[in-house]
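# Fold and geometry: a report
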Amino acid sequence: SGDGTSLVEKLAQLEMMEKRENQIYGHAIFQSQRMNFLPSYNIPTPANYKLAAGDEVVIDIWGAVSQNLIQEISPEGSIIIPDLGPVYLAGQTVEQAEKGLKVQLGRIYSGITAEEPTTFIRLSLGRIRSLSVNVVGDVKTPGTFTLPSLATITSAIYMAGGPTEIGSVRNIKIYRNNKLLETFDLYKFMLDGDFKSNVRLEDNDLIKVSAYTNLVKIAGEVKRPMIYEMTNSETVAKLLEYSGGFTGEANEDRIHITRKTGARSESFDLLK
């Protein structure tokens, strides 16, 4: 052919296009090796991360006194500090725990709480704890998974192999202590950058992936022709937004819709 692409290559490209057009948007992301959703251990501890039994804390003391303590928080929620005894840290953020420690350590090192301190402390997180979560419903490998405690909903769905062909990426529910905590919508996460619903997991959380409600295939002159999962309240305009909008070749004045419900089917044009 004139553009230097062989017929075999063109057929392979068409096959890839066809494969993509028949894929549900959002499903392949959980199969990607490049995006495994597991938290990095090299990131700073998030400000709202709460300490719990099994977390390892590192306490650095320097200045007039120099000391380094590394301890794991006990099942009772405390660490033992020499000459001071047990100090309870469970349920506190790193920042809260550091403030409390300053007060406690000020009893044995007066330089910490002096008007002009001569002794300083810093509390940081060492090795983080593991937690167990259950993933049920329409995922490829439902079950109980052990994850690092910085993991979020997407980490758990990734570990469960992602949704099945009938699994939803828009109606993922997380239950904590038998109560619905959050409903996660992957499209809001991917397309709007809404990270709020991708909550951090806690031990014994249950994540349920429901079956999809509506699947709509969009083909032709749009930037990302694929199958999209749509909610009952979403319109054609939203579908066009999800598919990246029209290409330069598109006739934007006419969109053809084919709808099939059981044995009944209808076909009509949507005119601008």
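The text that follows walks through the structure, step by step, so that each part is easy to find. All values derive from a computational prediction rather than experimental measurement. (Residues numbered from 1 in each chain as written. Predicted model: local features only at pLDDT ≥ 70, side-chain atom pairs only at ≥ 80, totals over all residues. Heavy atoms only, no water.)

## Overview of the overall build of the chain
A count of helical and extended segments in the chain gives 5 helices and 14 strands. When burial is assessed residue by residue, the chain has 37% of its 272 residues classed as buried. When the accessible surface of the chain is summed, it comes to about 16200 Å², and 52% of that surface belongs to carbon and sulfur atoms. (Helix = DSSP H or I, 4+ residues; strand = E, 2+ residues; numbered from the N terminus. Buried < 20%, exposed > 50% of the residue type's maximum accessible area, 1.4 Å probe, protein only. Areas by Shrake-Rupley, 256 points an atom, 1.4 Å probe, with all protein chains shown as cover.)

## Remarks on the sheet that holds strand E8 (residues 167–176)
Pairing in this open sheet of 5 strands is mixed, and the strands run E7-E6-E10-E8-E9 from one edge to the other. Every other strand in the sheet has two partners, leaving strand E7 (143–148) and strand E9 (179–184) as the edge strands with one partner each. Direction aside, the axes of adjacent strands within the sheet are offset by 30 degrees on average. Sheet topology places E8 next to E9; 5 bridges connect them, and they run antiparallel. Looking at E9, one finds that Lys173 is bridged to Thr183. (Pairing = 2+ DSSP bridges. Axes fitted to C-alpha atoms, helices over the stretch in contact; angles between N-to-C directions.)

## Points about the environment of Glu165
By the secondary structure assignment, Glu165 is in the loop between helix H3 (153–159) and E8. In the structure, Glu165 is positioned 27 residues away from Asp138 in sequence and 8.3 Å away in space, judged by C-alpha atoms. If we skip the residues at most four places from it in the chain, Glu165 touches Ile24, His27 and Tyr212. (Contact = heavy atoms within 4.5 Å.)

## Side note on the sheet that holds strand E2 (residues 67–72)
Pairing in this open sheet of 3 strands is antiparallel, and the strands run E2-E1-E5 from one edge to the other. With partners counted over all chains shown, the strands left at the sheet margins are E2 and strand E5 (119–125), one partner each. When strand polarity is set aside, the average angle formed by the axes of neighbouring strands in this sheet is 15 degrees. Bridge analysis of strand E1 (residues 56–63) against E5 gives 7 bridges, and the strand direction is antiparallel.

## Side note on unusual backbone geometry
In the Ramachandran plot, Asn177 falls in the positive-phi region, its phi being about 55 degrees despite a non-glycine side chain. Counting through the fold element by element, Asn177 comes out in the loop between E8 and E9. Overall, the relative accessible area of 69% leaves Asn177 in the exposed class. One non-glycine residue, Asn204, lies in the positive phi region at around 70 degrees. On the basis of relative accessibility, which here comes to 56%, the residue Asn204 falls in the exposed class.

## Some remarks on the side chain of Arg170
By secondary structure assignment, the location of Arg170 is in strand E8. A distance of 2.9 Å separates the side chain of Arg170 from the side chain of Asp185, its partner in a polar contact. Setting aside residues up to four positions removed in sequence, Arg170 forms contacts with Phe184, Asp185, Leu186, Tyr187, Glu229, Met230, Thr231, Glu234 and Tyr242. (Polar contact = N/O pair within 3.5 Å; in protein donor to acceptor, adjacent residues only side chain to side chain.)

## Thoughts on the packing of aromatic side chains
This model, assessed by the stated rule, comprises 6 aromatic pairs. Considering the side-chain rings of Tyr228 and Tyr242, the 6.4 Å spacing of their centres and the 20 degrees angle between planes classify their relative orientation as stacked. Residue Tyr228 is found in strand E12 (residues 227–230), and its partner Tyr242 is found in helix H5 (residues 236–242); the two are separated by 14 residues along the sequence. Overall, the relative accessible area of 0% leaves Tyr228 in the buried class. A residue is classified by how much of its surface remains accessible, and Tyr242, at 5% relative accessible area, is buried. Taken together through their ring pairs, the aromatic side chains of Tyr25, Tyr187, Tyr228 and Tyr242 make up a single cluster. (Phe/Tyr/Trp six-rings, centres within 6.5 Å; stacked < 30°, edge-to-face > 60°.)

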